[in-house]
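# Observations on the three-dimensional arrangement
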Amino acid sequence: GVDWEAARARFRPQALAAADERDLYQSINAMLDLLDDGHAAASPPAAVRRQDARYARRAVMGMTLMRGDAPDVWTVERVRPGSPAAAAGVQLGWTLASIDGRPWSPDVETYEGRPVRLALIDEEGARHETTLVPQLMDGPEPFTADDSHPGVLLLTVEQFDQGLGRWLGQELDGLPPDVGVILDLRANPGGRLWEAESVLTCFLPRDQVWATRTGRTGRAVVLRASGDCGGRRQPVPNPVAVLVDGASRSAAELTPAALQEAGRGLVVGEKTPGSVLIAQESDLPDGGRLTLSRADFVTVRGVRLEKRGVTPDIAAPRTLAQRRAGQDPALEAAIAAL
């Protein structure tokens with residue numbers, strides 16, 4: 001429904017007049033915002049390199065930033081222990097006002113040993129200025145298992161990346177049926193649809209329908225639990241809970257919705273944002289990447305999750321103070337429920 005001729009007339013001159021990469025991508029993304037689609041975006045080359053190397057050893061400041069409602073508002077979502085950001089006292093919930101005197105943007109790159117000047121704003125509006133020296137750190141593990149909580153196995157999934165289904169099947173293999181399984185999908189941006197199907201195959205009867213995907217041509221495809229759960233042919237019988245929050249997106253919304261509708265798992269935490277369209281990525285000539293949605297989803301019960309999200313069975317919001325103190329009411333609620 002967008003008038004693309006008018007959009008071209010408006011944004012092409014801005015793109016041609018861009019003084020640098022940042023201005024160019026701001027123009028492109030301002031145009032893509034006309035789609036009102038959380039998946040539609042153009043990532044500059046620096047952001048693509050960072051994304052592709054997210055699990056590799058690289059120079060980091062040690063904080064994960066989450067974009068807010070305004071284009072230039074980025075909030076500290078995580079601070080990595082032992083990182084330069086942690087040593088500088090950067091806190092969860094602070095807003096990054098600038099880096100080296102400029103607003104933060106995905107085009108910013110950091111280099112080992114090269115200091116960066118940060119200005120951050122806390123929740124009271126106070127300004128904190130510090131200088132960090134990025135250091136080489138190993139990347140995080142994409143999937144981790146924690147059996148330190150009695151009676152449950154906590155499986156944290158950072159993203160639906162290749163190999164998730166096989167890994168999950170291996171972790172569940174031999175697990176006593178009375179041990180509860182908790183999938184932590186908080187701050188998970190989604191990823192590969194095939195891996196979401198594989199996760200569901202671990203818990204739902206094989207070939208059970210869990211959603212319908214409709215492409216731009218109008219062709220509907222029924223999605224079934226037919227993925228790769230580490231070679232398992234039968235789903236595990238263990239009780240299941242899924243942790244979600246306002247940063248669980250895409251496959252991290254489809255998965256809990258399918259388990260919830262099937263009566264196979266409890267969803268615990270905070271309502272998800274409703275950003276579930278399946279996207280296709282295209283490389284751009286300068287090393288950037290264009291992401292555009294190409295299909296929509298409707299659940300078995302006919303619910304369109306886009307712009308609606310998943311409502312938890314058990315609401316367990318987590319305050320900023322609780323996060324800073326290491327308290328986790330959602331995890332506690334899931335353990336209690338299981």
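Now for a quick tour of the structure. (Residues numbered from 1 in each chain as written. Predicted model: local features only at pLDDT ≥ 70, side-chain atom pairs only at ≥ 80, totals over all residues. Heavy atoms only, no water.)

## What to know about the state of the cysteines
Applying the stated criterion across every chain, the model contains one disulfide. Through a disulfide, C202 is tied to C229; the S-S separation comes to 2.0 Å. Across the disulfide from C202 to C229, rotation about the S-S bond amounts to roughly 110 degrees, and the bridge is consequently right-handed. You can see C202 sitting in the loop between α6 (193–201) and β12 (209–215) and its partner C229 sitting in the loop between β13 (220–224) and β14 (240–244), a full 27 residues away along the chain. Side by side, C202 and C229 carry an identical accessibility label, which is buried. (Disulfide = S-S within 2.5 Å. Helix = DSSP H or I, 4+ residues; strand = E, 2+ residues; numbered from the N terminus. Buried < 20%, exposed > 50% of the residue type's maximum accessible area, 1.4 Å probe, protein only.)

## Section: the side chain of E306
Looking at the element boundaries, E306 is found in the loop between β17 (289–299) and β18 (314–315). One buried charged residue, E306, forms no salt bridge at all, with the nearest opposite charge on K307 at 4.1 Å. Those residues within four positions of E306 in sequence are excluded, and the remaining contacts are D37, G274, S275, V276, L277 and D296. (Lys, Arg positive; Asp, Glu negative; His and termini not counted. Salt bridge = Lys/Arg side-chain N within 4 Å of Asp/Glu carboxyl O. Contact = heavy atoms within 4.5 Å.)

## What to know about a nonpolar patch on the surface
Taken together, the side chains of W4, L34, L35 and L292 make up a nonpolar region of the molecular surface, amounting to roughly 310 Å² of accessible area. Along the chain, L35 falls in the loop between α2 (21–32) and β1 (41–43). The class of L35 is partly exposed, set by a relative accessible area of 32%. (Patch = residues over 30% accessible without salt bridge, like charges linked within 9 Å, V, L, I, M, F, W, Y side chains within 5 Å. Areas by Shrake-Rupley, 256 points an atom, 1.4 Å probe, with all protein chains shown as cover.)

## Things to note about the pairing of strand β7 (residues 127–132)
Pairing between strand β6 (residues 116–121) and β7: six bridges, direction antiparallel. Within β7, the position partnered with I121 by the bridge is R127. The turn joining β6 and β7, which pair antiparallel and follow one another in sequence, is formed by five residues; a positive phi near 90 degrees is taken by G125. (Pairing = 2+ DSSP bridges.)

## Re the environment of G246
By the element assignment, G246 lies in the loop between β14 and α7 (251–261). G246 sits in the partly exposed class, given a relative accessible area of 45%. Sequence separation of G246 and R12 is 234 residues, and the distance between their C-alpha atoms is 34 Å. Those residues in contact with G246 that lie beyond four places of it in its chain are E270, K271 and P273.

## Focus: the pattern of salt bridges
Applying the stated criterion to the full structure yields 15 salt bridges. The residue R102 makes a salt bridge to D20 at a minimum N-O spacing of 3.6 Å. Of this pair, R102 sits in the loop between β5 (95–99) and β6 while D20 sits in the loop between α1 (4–16) and α2; the two residues are 82 residues apart in sequence, bridging distant segments of the chain. A relative accessible area of 38% means that R102 is categorised as partly exposed. Assessed through its relative accessible area of 32%, D20 is described here as partly exposed. Notably, a salt bridge pairs E109 with R49, separated by 2.6 Å at the nearest N-O pair.

## Some points on the side chain of R186
Summarising the element assignment, R186 is placed in the loop between β11 (180–184) and α6. Of the residues examined, R186 reaches a relative accessible area of 13% and is grouped as buried.

## As for the environment of R117
Note that R117 resides in strand β6. Expressed as a C-alpha distance, the spacing of R117 and P106, which sit 11 residues apart in the sequence, is 16 Å. Sequence-distant contacts of R117, that is, excluding residues within four places in its chain, are made with S98, I99, D100, G101, T130 and T131.

## A word on unusual backbone geometry
The backbone of D207 sits at a positive phi, close to 75 degrees, despite the residue not being glycine. With a phi angle near 60 degrees, S250 is a residue other than glycine that sits in the positive phi range. Its relative accessible area of 10% is what places S250 among the buried residues.

## Here's the deal with α2
The terminal C-alpha atoms of α2 lie 16 Å apart, and with 12 residues this matches the ideal 16 Å at 1.5 Å per residue to within 8%. R22, Y25, S27, N29 and L32 are the residues of α2 that are buried. Buried residues in α2 make contact with α1, β1, α3 (45–52) and β17. Between a side-chain oxygen at the N-terminus of α2 and the backbone nitrogen of R22 the separation is 3.3 Å; the capping residue is D20. (Expected span 1.5 Å × (residues − 1). Polar contact = N/O pair within 3.5 Å; in protein donor to acceptor, adjacent residues only side chain to side chain.)

## Concerning empty space enclosed by the protein
Per the counting criterion, the structure on display carries one cavity of 30 Å³ or more. Estimated volume of the largest cavity: approximately 40 Å³. Only β12, α7 and β17 provide two or more residues apiece to the lining of the largest cavity. Each residue belonging to the lining of the largest cavity can be placed in one class, and the counts come to nine nonpolar, one polar and no charged. (1 Å grid on protein atoms, 1.4 Å probe; cavity = no way out; pocket = protein on both sides within 12 Å on 5 of 7 lines; lining within 4 Å. Points joined across faces, edges and corners; volume = space filled by probe spheres on them. Nonpolar A, V, L, I, M, F, W, Y, C, P; charged D, E, K, R; others polar.)

Keep in mind these values describe shape, not function.
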